[in-house]
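Summary of the model geometry
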Amino acid sequence: MSTLPWLHPERVALLESALSERILILDGGMGTMLQGHQLDEAGFRGQRFEHGHDSSHEHDHPGSCDLKGNNDLLTLTKPEIIRGVHTAYLEAGADLVETNTFNSTRISQADYHLEHLAYELNREGARLARAACDEIEAKTPERPRFVIGVLGPTSRTASLSPDVNDPGFRNVTFEELATNYTEAAQGLIDGGADVIMVETIFDTLNAKAALFALSELFHQTRARLPVMISGTITDRSGRTLSGQTAEAFFYSVRHARPLSVGLNCALGAADLRPHVQTLANIAHCFVSTHPNAGLPNAFGEYDETPEQMASVIGGFARDGLLNLVGGCCGTTPAHIKAIAEAVRECAPRALPSLAENAA
């Protein structure tokens, strides 16, 4: 995969140049922002689904299935809201924004009987992010903005059984995951993504299916995009859901020669620090993190203020651990603005030399 030419070499050159100069800023939580709109069922359906089916497609969507909570669907039914979220983060200081495609695979959309939308959701998700980036970049051409096409973990896990009485059972295969990821990635590429991120990885086998799908897709198209990989330490045990430490996770995915490897979600910045430190010590590529705004409270909400979160992440930056940083659950444009200010004067983490990599 690494021998293929870049699909957009001029964009990759701009991204690599920016990474060499400073710590780049990712955006914050999409879901957090969407919750603030307090949309009801009709809001999620929009005109396209108001009569209980997809009026733009022959697919007969059951009217009895609620669509509220399907945040990715808002890309099609409320595109102005999604673009507004992207713009808010860009104005707060983000250099890269993630597409609203975390659940835009057939597997995840099957919960809503909307499998047929998978490609469209990814393509339009990338287009919305691209338009927002292009608008801001036109005002400040000396500072390019980049679209990260997001491939989420799906709602199934290839390594673990969903049935405690049958530990050998799996409700998804590697091939099914790879097929889902291929379709989603094609949509992201067609929509104008600069980078693909395999994100919130709780099961490394799922991630390997995504990386395999990307490798095959890049070979078919004879060109590639940079790939970012971000895992999730699920609790204070320091392991992913499928049982890997941050170090083991890195060595499981480094064959993909990613642009960056990092950690996001589940924990706040303070609890993620030792695991980000581990990656910073061993990774031959750039290191990223976008933590939650602390741990959720009894109501499932996040209480860490922008100032508190930025203070902790500022320490990451001063100690040379970071190349890219942003926020996940509970974070807002205010958090991203504070984080951007906290790391502005800090040099980016230096990549190990070729000799160190060989060792």
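Summarised in this report is the structure supplied together with it. A quick note: this is a predicted structure, and the numbers were derived from the prediction, not measured.

1. Considerations on the nonpolar core
Membership of the largest hydrophobic core comes to 81 residues, with the highest contact counts inside it found for L151, I229 and L322. Top contributing element to this core by residue count: helix α9 (residues 204-221), with eight residues. Not counting residues within four places of it along the chain, the set of residues in contact with I229 comprises V198, I201, L211, F249, V253, A256, P258, S260, V261 and G262. Grouped together as the second largest cluster of nonpolar side chains are 15 residues, L26, L96, I148 and M197 included.

2. Quick look at empty space enclosed by the protein
Over the atoms rolls a probe the size of a water molecule, and its path tells where empty space is left. A full pass over the atoms with the stated rule returns one cavity of 30 Å³ or more. Space inside the largest cavity adds up to approximately 40 Å³. Surrounding the largest cavity, P153, Y181, V198, T200, I201, F202, D203, N206 and A207 form its lining. Only β4 (195-201) and α9 provide two or more residues apiece to the lining of the largest cavity. It is β4 that contributes the most residues to the lining of the largest cavity, three residues altogether.

3. Thoughts on helix α8 (residues 174-191)
Its 18 residues place the ends of α8 26 Å apart at the C-alpha level, agreeing with the 26 Å of an ideal helix rising 1.5 Å per residue. Buried residues along α8 sit in contact with α6 (106-109), α7 (118-139), β3 (146-151), β4 and α9. Just downstream of α8 lies G192, where phi reads positive at about 105 degrees.

Definitions and limits used
All residue numbers refer to positions counted from 1 along the written sequence of the respective chain. With pLDDT at 70 or above as the cut-off, local features in this predicted model cover only qualifying residues; side-chain atom pairs require 80 or more to be listed or tallied, and sums for whole chains, interfaces and linings still use all residues. The side-chain values count all of the structure's non-hydrogen atoms but skip hydrogen atoms and water molecules. For this analysis, a nonpolar core means a set of buried residues of the types Ala, Val, Leu, Ile, Met, Phe, Trp, Tyr and Cys, connected via side-chain atoms within 4.5 Å. To sort residues, take the accessible area from a 1.4 Å probe on protein chains only and compare it with the maximum for the residue type: under 20% means buried, over 50% means exposed, and anything in between is partly exposed. In this description a helix means any DSSP run of H or I spanning at least four residues, a strand means any run of E spanning at least two, and both kinds are numbered starting from the N terminus. In what follows, a contact means two residues having at least one pair of non-hydrogen atoms within 4.5 Å. A cavity, in this analysis, means grid points on a 1 Å lattice covering only the protein atoms where a 1.4 Å probe fits yet has no way out; a pocket is instead an open set bounded by protein on both sides within 12 Å along at least five of seven lines, and a residue lines either one if it has an atom within 4 Å of a point. Grid points are joined across faces, edges and corners, and a volume is the space filled by probe spheres set on the points. To estimate the expected span of a helix, count its residues, drop one, and scale the result by 1.5 Å.

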